[in-house]
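This is what each chain is made of:
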Amino acid sequence: MNHPLDTERLHLRPFVEADAEAWHAIWGDPDVIWWGASPSLARSTAGLTRLIAAERERWPDGIGWLAVMEKGSDEIVGDVLLQPAPFVSGVEVGWHFRKHVWNRGYATEAARATIERAFADRALDEVYALVALENAASLRVAAKLGMESVRDMEYEGLPHRLFVRKRATERGPSA
């Protein structure tokens, strides 16, 4: 299970079943999930329930999805994830945010904190992100996170760019 995480402006915490309406506000919005938004609250609720069960039953500690809240607010404004990547051998980071908070830097802030914790607590050496080529905002987030382009590829019928962020290594004295 994931543990809460705080940044300067955000509080990240694990999702619970009671978050279904907030989850649907993200995953049911076709402007946010343009490749296939959930058509109903019932379907979103079922998806969130499956996700929470996967975290509990199959994923190691520190892997999962976090609800992203503005500090001082009880409103869930987005999500950030660290999960087994279905497109490469490794772990992926991802983010989805409600329209009314776009362009505030929340995706970069939440994803950066998630990556840093993955490197520190999970001792990962690299984290991947897969971004649809037509998603200019998420391409910019990946760049701001210092992610390097690996290659372009098709995933679920859409062209994507695969990125990787590698853990910074300390350099020893020069020989």
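Residues numbered from 1 in each chain as written. Predicted model: local features only at pLDDT ≥ 70, side-chain atom pairs only at ≥ 80, totals over all residues. Heavy atoms only, no water.

*Asks:* So what's going on with the overall build of the protein? Residues and values would help.
*Replies:* Counting its regular elements, the protein contains four helices and eight strands. In the protein, the succession of helices and strands from N to C terminus is β-β-α-α-β-β-β-α-β-α-β-β. The globule rule puts the C-alpha radius of gyration for 175 residues at 16 Å, and the 16 Å found for the protein is close to it. If one aligns the C-alpha atoms of the protein with their principal axes, the spans along those axes are about 60 × 35 × 35 Å. Within the span of the protein, comprising 175 residues, buried residues form 49% of the whole. Considering only residue pairs separated by 6 or more positions, the protein has 58% of its internal contacts joining residues 24 or more positions apart. Total accessible area on the protein stands at roughly 9300 Å², and carbon and sulfur atoms take up 49% of it. Each charge class in the protein can be summarised by its mean position, and for the 21 positive and 26 negative side chains these summaries are 3 Å apart. (Helix = DSSP H or I, 4+ residues; strand = E, 2+ residues; numbered from the N terminus. Rg over C-alpha atoms; globule rule 2.2 N^0.38 Å. Buried < 20%, exposed > 50% of the residue type's maximum accessible area, 1.4 Å probe, protein only. Contact = heavy atoms within 4.5 Å. Areas by Shrake-Rupley, 256 points an atom, 1.4 Å probe, with all protein chains shown as cover. Lys, Arg positive; Asp, Glu negative; His and termini not counted. Charge placed at Lys NZ, Arg CZ, Asp CG, Glu CD.)

*Asks:* Kindly report on helix α4 (residues 136–144), identifying the contributing residues and their values.
*Replies:* Residues of α4 that are buried: S138, L139, V141 and A142. Along α4, the residues classed as buried sweep out an arc of 155° about the axis, all on the same side. Structural note: α4 exposes A143 and K144 on the side pointing more than 90 degrees away from its buried face. The inward-facing, buried residues of α4 contact β5 (91–97), α3 (106–121), β6 (126–132) and β8 (158–166). After α4 finishes, the residue G146 shows a positive phi value of roughly 75°. (Arc of directions from axis to C-beta.)

*Asks:* Account for unusual backbone geometry, naming residues and giving values.
*Replies:* A positive phi is found at A123, a non-glycine position, where the angle reads about 55°. Tracing the chain through its elements places A123 in the loop between α3 and β6.

*Asks:* For the packing of aromatic side chains, give the residues involved together with the corresponding values.
*Replies:* Applying the stated criterion across every chain, the model contains seven aromatic pairs. Note on W23 and W27: the rings are 5.4 Å apart at their centroids and 15° apart in plane angle, and the pair reads as stacked. Of this pair, W23 and W27 both sit in helix α1 (residues 20–27), separated by four residues, roughly a single helical turn. Aromatic ring contacts, followed pair by pair, group F15, W23, W27, W34, W35 and W65 into a single cluster. (Phe/Tyr/Trp six-rings, centres within 6.5 Å; stacked < 30°, edge-to-face > 60°.)

*Asks:* Tell me about the pattern of salt bridges, and name the residues and values.
*Replies:* Two side chains that carry opposite charge are able to pair once their charged atoms sit near each other. Summed over all chains, the structure comprises nine salt bridges. Linking R9 and E109 is a salt bridge whose minimum nitrogen-to-oxygen distance equals 2.6 Å. Of the two residues, R9 is situated in the loop between β1 (5–6) and β2 (10–14) and E109 in helix α3; the sequence distance between them amounts to 100 residues. Residue classification places E109 among the buried residues on the basis of a relative accessible area of 15%. With a closest N to O distance of 2.9 Å, R104 and E70 form a salt bridge. On the criterion of sequence distance, the pair formed by R104 in the loop between β5 and α3 and E70 in strand β3 (residues 64–70) is long-range, its members being 34 residues apart. Using a relative accessible area of 36% as the deciding quantity, one classes R104 as partly exposed. Judged by its relative accessible area of 17%, E70 falls in the buried class. Among the ionic contacts, a cluster of salt bridges with common partners joins D29, D31 and K99. (Salt bridge = Lys/Arg side-chain N within 4 Å of Asp/Glu carboxyl O.)

*Asks:* Explain the packing of α1 against helix α2 (residues 41–57) to me, and be specific about the residues and the numbers.
*Replies:* The interhelical angle for the contact between α1 and α2, taken along N-to-C directions, is 110°, at an axis separation of 9 Å. Classed by the angle they form, the pair α1 and α2 counts as roughly perpendicular. Between α1 and α2, the residues in contact are A20, E21, W23 and H24 and L41, S44, T45, L48 and L51, respectively. Tallied by class, residues from the contact of α1 with α2 come to five nonpolar, three polar and one charged. (Axes fitted to C-alpha atoms, helices over the stretch in contact; angles between N-to-C directions. Parallel < 35°, antiparallel > 145°, perpendicular 65-115°, else oblique. Nonpolar A, V, L, I, M, F, W, Y, C, P; charged D, E, K, R; others polar.)

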